[in-house]
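Structural characterization, general
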Amino acid sequence: MISCNVDVVYIDFTRAFDSIVFNKLLVKLNHYGISGKLLTFVSAFLHKREQCVVLDNCFSSVTSVSSGVPQGSVLGPVLFL
């Protein structure tokens, strides 16, 4: 009988997406050569977002989002990297 060992590493990036500071991200993007209209677009994509929680058709109050990359978006993983 041959036995095999398997190593598994789980990494949870859920909170990492929420901890990105907008201004630092924009400075990094500018450092890597992203500027002009594209940088303005990314800035508008990140700033002035709001969110609320819905549970059993009950809505929480709306609050502004001050950090984090929108999860579920196409740009989210790219900006995270």
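Check the entry above for the structure.
So, here is what we can say about the structure in this document.

The helix and strand inventory of the chain stands at four helices and four strands. Secondary structure elements in the chain, listed N-terminal to C-terminal, are α-α-α-β-β-β-β-α. Partitioning the intrachain contacts of the chain with sequence separation of at least 6 by distance along the chain shows that 52% fall at a separation of at least 24. Of the accessible surface of the chain, which amounts to about 7000 Å², a share of 59% is contributed by carbon and sulfur atoms.

We now examine the environment of Val65. Position of Val65 relative to the elements: it lies in strand 4 (residues 63–65). Residues Val65 and Glu50, 15 residues apart in the sequence, show an inter-C-alpha distance of 5.4 Å. In this structure, Val65 is in contact with Phe22, Arg49, Glu50 and Gln51, ignoring residues within four places of it in sequence.

Bringing the packing of helix 2 (residues 22–31) against helix 3 (residues 36–46) into the picture now. At a closest axis distance of 11 Å, the pairing of helix 2 and helix 3 adopts a crossing angle of 165 degrees. The orientation of helix 2 with respect to helix 3, classified from their angle, is roughly antiparallel. Between helix 2 and helix 3 the crossing geometry is right-handed. Where helix 2 abuts helix 3, its residues Phe22, Leu25, Leu26, Leu29 and Asn30 lie against Leu39, Val42, Ser43 and Leu46. Here the residues of the contact of helix 2 with helix 3 sort into seven nonpolar, two polar and no charged.

Attention now goes to unusual backbone geometry. Positive phi values are uncommon outside glycine, yet Lys48 reaches one of about 60 degrees. With a phi angle near 60 degrees, Asn57 is a residue other than glycine that sits in the positive phi range. Its place among the elements puts Asn57 in the loop between strand 2 (54–55) and strand 3 (58–59). Since its relative accessible area comes to 72%, Asn57 is described here as exposed.

Structurally, Phe45 can be placed in helix 3. Sequence separation between Phe45 and Leu75 is 30 residues; the distance between their C-alpha atoms is 9.2 Å. If we ignore the near neighbours within four places in the chain, the residues touching Phe45 are Pro70, Ser73, Leu75 and Leu79.

Rules behind the numbers
Residues numbered from 1 in each chain as written. Predicted model: local features only at pLDDT ≥ 70, side-chain atom pairs only at ≥ 80, totals over all residues. Heavy atoms only, no water. Helix = DSSP H or I, 4+ residues; strand = E, 2+ residues; numbered from the N terminus. Contact = heavy atoms within 4.5 Å. Areas by Shrake-Rupley, 256 points an atom, 1.4 Å probe, with all protein chains shown as cover. Axes fitted to C-alpha atoms, helices over the stretch in contact; angles between N-to-C directions. Parallel < 35°, antiparallel > 145°, perpendicular 65-115°, else oblique. Left-handed = near helix turned anticlockwise from the far one by under 90°. Nonpolar A, V, L, I, M, F, W, Y, C, P; charged D, E, K, R; others polar. Buried < 20%, exposed > 50% of the residue type's maximum accessible area, 1.4 Å probe, protein only.

Just geometry here; none of it tells us what the structure is for.
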